[in-house]
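A closer look at the structure
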Amino acid sequence: MAENRAVLYAFWLSSCSWRVRAALHLKRIPFEERPVDIVKENQQLTDEYRSINPNQKVPALLIDNETLVESMAIVQYLEDTRPEPALTPKSPLQKARMRELCEIVVSGIQPLQNVGLRPQFETTEQYVKFTKYWTDRGLKILEDMLQKTSGKYCVGDQLTIADLCLVPQLYNAITRHKLDISKYPTVSKLYHELLKEKVFQETHPEKLKSKM
Ligand SMILES: N[C@@H](CCC(=O)N[C@@H](CS)C(=O)NCC(=O)O)C(=O)O
């Protein structure tokens, strides 16, 4: 029934939102996406949205009569409550490898290029230089790590949460930071292969843009 559908509060260009949108798609969970404009309208900073997500960022997910925030906590909840298809390797070592890659993106890149940082810089140039530097540095680290862990996907031949973190961040690096990812051959190859997967085509920001 419509009222039981999950509700994803998200912004079409947000990498964190895309992680969750992709997990919902893979787990075949019906959901409605409610746009929160974090760029032009700053809707994340309203009191109304703060009552949904005290952190005033996207995404947030209303599911099972609960509102969850923080993309990685949300994805883990989906993984725990809807285990199929599994997005986490069974082997403890592979699981650790997956988490290493997730952390590089989730802690090492995304927060250092978030649009919410802009007011803390005096000029746009300073902000762009900072965000671009940390994104590129993160990609360099990912290249070194993925050379050791990747197969068809980030960790061997299983699509995992690391892939859900990688693709959105790379899309961001290319479109927003104008980075040339071809200097990172493993990253680049994985990205272009992953983009062919149905999950990334169906949940791609460009697809949402065309619906807006
Ligand atoms: N750790 C959070 C980060 C959320 C986050 O930074 N979201 C960005 C979009 S990807 C945002 O809402 N930025 C707007 C702001 O910080 O004001 C998560 O993974 O959900």
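Residues numbered from 1 in each chain as written. Predicted model: local features only at pLDDT ≥ 70, side-chain atom pairs only at ≥ 80, totals over all residues. Heavy atoms only, no water.

With domains assigned, the chain is organised as domain 1 (2-85) and domain 2 (92-199). Of note, the centres of domain 1 and domain 2, computed from C-alpha atoms alone, are 20 Å apart. Residue-level contacts link 14 residues of domain 1 with 18 residues of domain 2. Of the roughly 1400 Å² buried at the junction of domain 1 and domain 2 (both faces included), carbon and sulfur atoms supply 73%. A per-residue breakdown of the area domain 1 buries against domain 2 is headed by Trp18, Arg19 and Met72, which together make up 39% of the total. For the pair domain 1 and domain 2, the number of links is zero salt bridges. Linking domain 1 with domain 2 are zero residue pairs in polar contact (both at pLDDT 80 or more). Counting residues per element, the ones that place at least two in the side of domain 1 that touches domain 2 are α1 (15-26) and α3 (71-81). Residue contributions to the side of domain 1 that touches domain 2 peak at eight residues, all from α1. When its residues are assigned to classes, the side of domain 1 that touches domain 2 shows nine nonpolar, three polar and two charged. (Domains from an automatic or database assignment. Contact = heavy atoms within 4.5 Å. Buried area = accessible area lost by both parts, 1.4 Å probe. Salt bridge = Lys/Arg side-chain N within 4 Å of Asp/Glu carboxyl O. Polar contact = N/O pair within 3.5 Å; in protein donor to acceptor, adjacent residues only side chain to side chain. Helix = DSSP H or I, 4+ residues; strand = E, 2+ residues; numbered from the N terminus. Nonpolar A, V, L, I, M, F, W, Y, C, P; charged D, E, K, R; others polar.)

Before going further, it helps to spend a moment on the packing of aromatic side chains. For the structure on display, the rule yields eight aromatic pairs. Taking the centre distance of 5.6 Å and the plane angle of 85 degrees together, the rings of Trp18 and Tyr171 count as edge-to-face. In this pair, Trp18 sits in helix α1 while Tyr171 sits in helix α6 (residues 161-175), placing the two residues 153 residues apart along the sequence. Taking relative accessible area as the criterion, Trp18 reaches 1% and is therefore assigned buried. On the basis of relative accessibility, which here comes to 7%, the residue Tyr171 falls in the buried class. An aromatic cluster is built from Phe121, Tyr127, Phe130, Tyr133 and Trp134, whose rings are joined through pairwise contacts. (Phe/Tyr/Trp six-rings, centres within 6.5 Å; stacked < 30°, edge-to-face > 60°. Buried < 20%, exposed > 50% of the residue type's maximum accessible area, 1.4 Å probe, protein only.)

Successive side chains on a regular strand alternate, one facing one side of the sheet and the next facing the other. The element strand β1 (residues 6-10) is extensively covered by neighbouring structure, given that five of its five residues are classed as buried. Note: β1 against strand β2 (residues 31-35), five bridges, orientation parallel. Bridging across to β2, Val7 finds its partner in Glu32. The parallel pair β1 and β2 is bridged by α1, and the resulting crossover is right-handed. (Pairing = 2+ DSSP bridges. Right-handed = clockwise from strand over helix to strand, strands pointing away.)

For the pair α1 and α6, the least separation of the axes is 9 Å and the interaxial angle reads 140 degrees. Between α1 and α6, the interaxial angle falls into the category oblique. In this structure, α1 crosses over α6, and the sense of that crossing is right-handed. Where α1 approaches α6, its residues Ser15, Trp18, Arg19, Ala22, Ala23 and Leu26 are matched on the opposing element by Leu164, Cys165, Val167, Pro168, Gln169, Tyr171 and Asn172. Its residues placed into classes, the contact of α1 with α6 shows nine nonpolar, three polar and one charged. (Axes fitted to C-alpha atoms, helices over the stretch in contact; angles between N-to-C directions. Parallel < 35°, antiparallel > 145°, perpendicular 65-115°, else oblique. Left-handed = near helix turned anticlockwise from the far one by under 90°.)

In this section: unusual backbone geometry. Pro59 follows Val58 through a cis peptide bond whose omega is 10 degrees. By the element assignment, Pro59 lies in the loop between α2 (47-50) and β3 (60-63). In this model, Glu84 is joined to Pro85 through a cis peptide bond whose omega is -10 degrees. Among the secondary structure elements, Pro85 is positioned in the loop between α3 and α4 (92-106). A positive phi angle is found at Gln56, which is not glycine, with a value near 55 degrees. Looking at where Gln56 falls in the secondary structure, it is placed in the loop between α2 and β3.

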